[in-house]
Amino acid sequence: WEVAVVAPRYPTDRDPAFASEGALDVRLVTVPSTVLPSYPDIRLAAPALGRVQAVMRDFAPDLVHCETEFMLGRLGQAAAARAGIPMVTSYHTDWSRYTVAY
């Protein structure tokens, strides 16, 4: 499998775990991001539609998976639709555990 991942750019000392995966041929494409106020572990990605569309054009995926329907997920959906690439989406936030923490 060849995979291209578009993700928020993290500071160099905090690269996301999937960037070092060895099981797949992973092409990591990052977009500028900033810290979510009050939550330094969460990054807010810039609205980089052009960058997402470039990945679609250059990588030419058979399928697009948008893991979270926030900034990059919505941009991935839009780029996949424009390129005529099949797309699936999923949402992985465990809200019940979040609410317990608060």
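Criteria and thresholds
- Residues numbered from 1 in each chain as written.
- Predicted model: local features only at pLDDT ≥ 70, side-chain atom pairs only at ≥ 80, totals over all residues.
- Heavy atoms only, no water.
- Helix = DSSP H or I, 4+ residues; strand = E, 2+ residues; numbered from the N terminus.
- Buried < 20%, exposed > 50% of the residue type's maximum accessible area, 1.4 Å probe, protein only.
- Contact = heavy atoms within 4.5 Å.
- Areas by Shrake-Rupley, 256 points an atom, 1.4 Å probe, with all protein chains shown as cover.
- Salt bridge = Lys/Arg side-chain N within 4 Å of Asp/Glu carboxyl O.
- Patch = residues over 30% accessible without salt bridge, like charges linked within 9 Å, V, L, I, M, F, W, Y side chains within 5 Å.

*Asks:* Which residues make up the overall build of the chain, and what values go with them?
*Replies:* For the chain, the count of helices and strands is three helices and six strands. Here the chain holds 102 residues, and the buried ones make up 25% of them. If you take every contact in the chain between residues at least 6 apart in sequence, the share linking residues at least 24 apart comes to 44%. Of the roughly 7,300 Å² that the chain leaves accessible, carbon and sulfur atoms contribute 56%.

*Asks:* Before we move on, could you go through the pattern of salt bridges and cite the residues and values that matter?
*Replies:* Pairing of side chains with opposite charge becomes possible as their charged atoms draw close. According to the stated counting rule, one finds one salt bridge in the structure shown. Across the pair arginine 57 and aspartate 58 runs a salt bridge, and its minimum N-O distance is 3.3 Å. Overall, arginine 57 belongs to the exposed group, its relative accessible area being 59%.

*Asks:* Lay out a nonpolar patch on the surface with the relevant residues and their values.
*Replies:* A grouping of Tyr39, Ile42, Tyr91, Trp95 and Tyr98 is seen on the molecular surface, where their side chains present a nonpolar patch of about 520 Å² in accessible area. For the nonpolar patch, the secondary structure elements donating two or more residues are strand S4 (39-45) and helix H3 (95-101). Looking at tyrosine 39, the relative accessible area reads 35%, which means it is partly exposed.

*Asks:* Explain the side chain of glutamine 77 to me, using residue names and the numbers behind them.
*Replies:* Considering the arrangement of structural elements, one finds glutamine 77 in helix H2 (residues 71-83). With a relative accessible area of 11%, glutamine 77 lands in the buried category. Beyond its immediate chain neighbours, meaning those up to four positions away, glutamine 77 contacts Cys66, Glu69, Met87 and Thr89.

*Asks:* Could you give an account of unusual backbone geometry, with specific residues and numbers?
*Replies:* Glycine aside, residues mostly have negative phi angles, and peptide bonds mostly take the trans form. Phi is positive for serine 38, close to 75 degrees, though the residue is something other than glycine. Within the secondary structure layout, serine 38 lies in the loop between strand S3 (33-36) and S4. The backbone of alanine 60 shows a phi angle near 50 degrees, a positive value even though the residue is not glycine. Among the secondary structure elements, alanine 60 is positioned in the loop between helix H1 (49-59) and strand S5 (64-66).

Structural measurements only, silent on function.
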